[in-house]
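# Analysis of the macromolecular model
Residues per chain are reported as follows:
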Amino acid sequence: MSLFNQILAEYPSKTDDVAFIIGKYVDVIDKTNDLTTEQKNCIKSGLATALYSSKYWESKFENR
């Protein structure tokens, strides 16, 4: 997750970039056997929150 935070702080310039990054993380999460289904769902819920927060703030700044 710290790598995700670092990438998110440096890479994306718009919501589509955030969605792309999150999509790649979800692919890796779904394929791993190191996490339980519950752990996977918790992480994916957090990633979804990051995506929708990004969409929310992008829309707020576009309306200025």
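The structure reproduced in this document is the subject of the present report. In this text the structure is predicted, and so the values were computed from the model without any measurement.

Scoring rules and cut-offs
- Residues numbered from 1 in each chain as written.
- Predicted model: local features only at pLDDT ≥ 70, side-chain atom pairs only at ≥ 80, totals over all residues.
- Heavy atoms only, no water.
- Patch = residues over 30% accessible without salt bridge, like charges linked within 9 Å, V, L, I, M, F, W, Y side chains within 5 Å.
- Areas by Shrake-Rupley, 256 points an atom, 1.4 Å probe, with all protein chains shown as cover.
- Salt bridge = Lys/Arg side-chain N within 4 Å of Asp/Glu carboxyl O.
- Helix = DSSP H or I, 4+ residues; strand = E, 2+ residues; numbered from the N terminus.
- Buried < 20%, exposed > 50% of the residue type's maximum accessible area, 1.4 Å probe, protein only.
- Expected span 1.5 Å × (residues − 1).
- Arc of directions from axis to C-beta.
- Core = buried A, V, L, I, M, F, W, Y, C linked by side-chain atoms within 4.5 Å.
- Contact = heavy atoms within 4.5 Å.

### Overview of a nonpolar patch on the surface
Side chains of Tyr56, Trp57 and Phe61 sit close together on the surface and give an oily, nonpolar patch of about 380 Å² of accessible area. Mapped onto the elements, phenylalanine 61 comes out in helix α3 (residues 37-62). Classification of phenylalanine 61 by relative accessible area gives exposed; the value is 55%.

### Points about helix α2 (residues 15-31)
Structural remark: α-helix, 3.6 residues per turn; residues separated by three or four positions point the same way. A rise of 1.5 Å per residue sets the reference length of α2, with its 17 residues, at 24 Å; its end C-alpha atoms lie 25 Å apart and thus fit the reference within 8%. Of the positions making up α2, those classed as buried are Thr15, Asp17, Val18, Ile21, Ile22, Tyr25 and Ile29. Seen from one end, α2 has its buried residues packed into an arc of 155°, which puts them on one side. For α2, exposure combined with an orientation more than 90 degrees from the buried face picks out Asp16 and Lys31.

### With respect to the nonpolar core
Judged by nonpolar contacts, Phe4, Val18, Ile21, Ile22, Tyr25, Ile29, Leu47 and Leu51 together constitute the single largest core of eight residues. Where this core is concerned, the elements lending two or more residues are α2 and α3. For this core, the element with the highest residue contribution is α2, accounting for five residues. Once residues within four sequence positions are removed from consideration, isoleucine 22 is found in contact with Phe4, Leu47, Ala50 and Leu51.

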